[in-house]
Amino acid sequence: PEIFGVGRSIALGEEKYLVETLEKGIKNRRDKQSLSFETISQAIREAGPSFAPSTVFIPLDFYLVLHASKEAKVCILYEDHDCFLFIGSTKVRVFWSNKYVPFDSLIFVDQRLGEWIVKPDPVDKHWVTVDIRPANEKVDVIVKTVARYSILDPEAGLILKVPSPK
């Protein structure tokens, strides 16, 4: 039998783990009253002169507001199925929250923030192992990966908390 959804399950687990790690490890935190070009730009400036976000995690509550924005300085555009937030001339890759990976703040990530550390299996040297075991009238599928996101520079991230659009 074929196993569907294993890769997606691993990806969701890694994304959930990553978001939780970012929420715990990022030092720069800002609360603003609304989401606009000015509030985003100001929060990024306040994060420091070397802060250059390449990725942002955005709560799904902001999906419609950002897609329907009439503010030309902040917009969502797609390139080859990848979603990007443009803040003036700055282009940032977007990952949306979902029911499996919920979060309520915008999380901006600079590439200097951290790195993935993956421990391969000691026997076969693969970073993902799949163990399939027949069990009575079913099959148990166990997928194992040992990965950790290590925060190297807690100042190279920004958590921007704004009220959810009504």
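What you are looking at is a predicted structure, and each value in this text was computed from that prediction instead of being measured.

Draft legend 1. Region of interest: the environment of Ala147. Tracing the chain through its elements places Ala147 in strand 9 (residues 138-151). Look at Ala147 and you get partly exposed, because its relative accessible area is 27%. Separated by 130 residues in the primary sequence, Ala147 and Tyr17 have C-alpha atoms spaced 9.8 Å apart.

Draft legend 2. Focus on the side chain of Thr55. You can see Thr55 is positioned in strand 2 (residues 53-58). A relative accessible area of 16% places Thr55 in the buried class. In this view, Thr55 contacts Val92, Arg93, Phe95, Ile107, Phe108 and Val109; residues no more than four positions away in its chain are not counted.

Draft legend 3. Region of the structure containing the confidence of the model for the protein chain. Summary statistics for the protein chain give a mean pLDDT of 89 and a share of 97% for residues scoring 70 or more. Within the protein chain, strand 8 (residues 128-135) has the poorest average pLDDT of any element, 80, and strand 6 (residues 106-110) the best, 98.

Draft legend 4. Geometry of the side chain of Asn28. Tracing the backbone through its elements, the reader meets Asn28 in strand 1 (residues 28-31). Since its relative accessible area comes to 7%, Asn28 is described here as buried. A polar atom in the side chain of Asn28 sits 2.8 Å from the backbone oxygen of Glu155. Within the structure, the side chain of Asn28 is placed 3.1 Å from the backbone oxygen of Gly157, a separation counted as a polar contact. If sequence neighbours within four positions are ignored, Asn28 has contacts with Ala47, Pro154, Glu155, Gly157, Leu158 and Ile159.

Draft legend 5. Geometry of the environment of Thr145. Within the element layout of this structure, Thr145 appears in strand 9. Judged by relative accessible area, Thr145 falls into the partly exposed class, the value being 30%. For the pair Thr145 and Val130, spaced 15 residues apart in sequence, the C-alpha to C-alpha distance is 9.1 Å. In contact with Thr145, not counting residues within four places along its chain, are Glu14, Trp127 and Val128.

Draft legend 6. The pairing of strand 4 (residues 82-87), seen in detail. Counting buried positions over the six residues of strand 4 gives five, a clear majority of the element. The pairing of strand 3 (residues 74-79) with strand 4 spans six bridges and is antiparallel. In the sheet register, Val74 faces strand 4, and the bridge partner there is Ile87. In textbook terms, the turn of a hairpin is the stretch between consecutive antiparallel strands, and for strand 3 and strand 4 this stretch comprises two residues, one of which, Asp80, has a positive phi near 50 degrees.

Draft legend 7. Focus on a nonpolar patch on the surface. Together, Leu60, Tyr63, Leu64 and Tyr78 give the surface a local cluster of nonpolar side chains, amounting to about 420 Å² of exposed area. Looking at where Tyr63 falls in the secondary structure, it is placed in helix 3 (residues 63-67).

The rules behind these values
Residues numbered from 1 in each chain as written. Predicted model: local features only at pLDDT ≥ 70, side-chain atom pairs only at ≥ 80, totals over all residues. Heavy atoms only, no water. Helix = DSSP H or I, 4+ residues; strand = E, 2+ residues; numbered from the N terminus. Buried < 20%, exposed > 50% of the residue type's maximum accessible area, 1.4 Å probe, protein only. Contact = heavy atoms within 4.5 Å. pLDDT = per-residue confidence, 0-100. Polar contact = N/O pair within 3.5 Å; in protein donor to acceptor, adjacent residues only side chain to side chain. Pairing = 2+ DSSP bridges. Patch = residues over 30% accessible without salt bridge, like charges linked within 9 Å, V, L, I, M, F, W, Y side chains within 5 Å. Areas by Shrake-Rupley, 256 points an atom, 1.4 Å probe, with all protein chains shown as cover. Salt bridge = Lys/Arg side-chain N within 4 Å of Asp/Glu carboxyl O.

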